[in-house]
Amino acid sequence: MSVDILAAGPESSELLAALHAKAFDGGEVWDGPAFASLLAGPGMDALLAARGGTPLGFILMRTIADEAEMLTLAVLPSARRAGAGQMLVKVGLEAARRRGAANAFLEVSVSNIAAIALYRATGWQETGRRARYYLDGSDALIMSCSL
């Protein structure tokens, strides 16, 4: 069965929060009101991946002027390494491109090896590092890609 990519709006904030909590179990997670606030802002694209109506994950992108930021990518552990994350990244970047973005950036924990591999496979390159950025003390890699 194929993966469908669907637009999500503020009405999906609790679903996105639940997916985020499952995807980042034990990590930094955002709640429903945080997602509702983000989704109500300008330049936001939230895209949900689903298979047979079952949510698998989502991406949240924000585009301002000619730059996009991937705020978060969350894929359920049971759905990882099956293409949903890669599809979300590609469709998210295309949404940012349609909004006029020429470049995109993201931050990812140096300990998230699987995510770093996914980003590299979809055209992102490391451009910097933020020391002790996350609550657990890990550094953040700053990655960017040209659209």
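Data block above holds the structure.
Our subject in this report is the structure included herewith. Given the structure is predicted, the values throughout are model-derived calculations rather than measurements.

The first and last C-alpha atoms of helix α3 (residues 84–98) sit 21 Å apart over 15 residues, in line with the 21 Å expected at 1.5 Å per residue. Three or more residues of α3 are buried, namely A84, G85, L88, V89, G92, L93, A95 and A96. All buried residues of α3 fall inside an arc of 160 degrees around its axis, so they share one side.

Scanning the model with the defined rule gives 7 salt bridges in all. The closest approach of N and O atoms between E107 and R130, which form a salt bridge, is 1.8 Å. With E107 in strand β5 (residues 103–109) and R130 in strand β6 (residues 125–130), this pair connects stretches of sequence that are 23 residues apart. A relative accessible area of 21% means that E107 is categorised as partly exposed. Residues joined in a network through salt bridges with shared partners are E94, R97 and R98.

Before going further, it helps to examine the packing of aromatic side chains. Tallying each qualifying case throughout the model produces 4 aromatic pairs. Each member of the aromatic cluster is reached from another via a ring pair, and the members are W30, F35 and F58.

Moving on, we get to the packing of helix α1 (residues 13–23) against helix α2 (residues 32–39). α2 packs onto α1 with a crossing angle of 120 degrees between their chain directions and a minimal axis gap of 8 Å. Taken as axis vectors, α1 and α2 run oblique relative to one another. The way α1 lies across α2 gives a crossing that is right-handed. Only G32, P33, F35, A36 and L39 of α2 make contact with α1, whose side of the interface consists of S13, E14, L16, A17 and H20. Residue classes in the contact of α1 with α2 are distributed as 6 nonpolar, 3 polar and 1 charged.

Tracing the backbone through its elements, the reader meets S138 in the loop between β6 and β7 (140–146). Of the polar contacts made by the side chain of S138, one reaches the side chain of D136; its length is 2.7 Å. Those residues in contact with S138 that sit more than four places away from it in its chain are S109, V110, R132 and Y133.

Attention now moves to unusual backbone geometry. The phi dihedral of R81 is positive, around 65 degrees, even though this residue is not glycine. Inspection of the secondary structure assignment puts R81 in the loop between β4 (67–75) and α3. For R81, a relative accessible area of 79% gives the class exposed. Located in the positive-phi region is R132, a residue other than glycine, with phi close to 50 degrees. Structurally, R132 can be placed in the loop between β6 and β7. Of the residues examined, R132 reaches a relative accessible area of 63% and is grouped as exposed.

About the cut-offs
- Starting from 1, residues in each chain are numbered consecutively following that chain's sequence as written.
- Note on the predicted model: pLDDT of at least 70 is required for a residue's local features to be given, and 80 or more for side-chain atom pairs to be given and counted; whole-chain, interface and lining totals, by contrast, use all residues.
- Side-chain numbers come from the whole structure's heavy atoms, not from hydrogens or water.
- Secondary structure follows DSSP: runs of H or I at least 4 residues long count as helices, runs of E at least 2 residues long count as strands, and numbering of each begins at the N terminus.
- By definition here, a helix of n residues has an expected span of 1.5 Å times n minus one.
- Buried means the residue's accessible area, taken with a 1.4 Å probe over protein chains only, is under 20% of the maximum for its type, while exposed means over 50%, and partly exposed covers the values in between.
- Arc definition: directions from the helix axis to the C-beta atoms.
- Salt bridges, as used here, are contacts in which a Lys or Arg side-chain nitrogen is within 4 Å of a carboxyl oxygen on Asp or Glu.
- The aromatic pairing rule takes the rings of Phe, Tyr and Trp, using the six-membered ring of Trp, and pairs them if the centres are within 6.5 Å, calling planes under 30 degrees apart stacked, those over 60 edge-to-face and the rest tilted.
- Helix axes are fitted to C-alpha atoms over the stretch in contact, other axes to C-alpha atoms as well, and angles between N-to-C directions run from 0 to 180 degrees.
- Oblique is the label for every angle not falling under 35 degrees (roughly parallel), over 145 degrees (roughly antiparallel), or within 65 to 115 degrees (roughly perpendicular).
- Handedness of a crossing follows from how the near helix is turned relative to the far one, being left-handed for an anticlockwise turn of less than a right angle and right-handed for a clockwise one.
- Contact between two residues is taken to exist if any of their heavy atoms lie within 4.5 Å; hydrogens are not considered.
- Throughout this entry, Asp, Glu, Lys and Arg are counted as charged residues, while Ala, Val, Leu, Ile, Met, Phe, Trp, Tyr, Cys and Pro are counted as nonpolar. The remaining residues, Gly among them, count as polar.
- Here a polar contact means two N or O atoms within 3.5 Å. Within protein one must be a hydrogen donor candidate and the other an acceptor candidate, and residues neighboring in sequence count only if both atoms are side-chain atoms.

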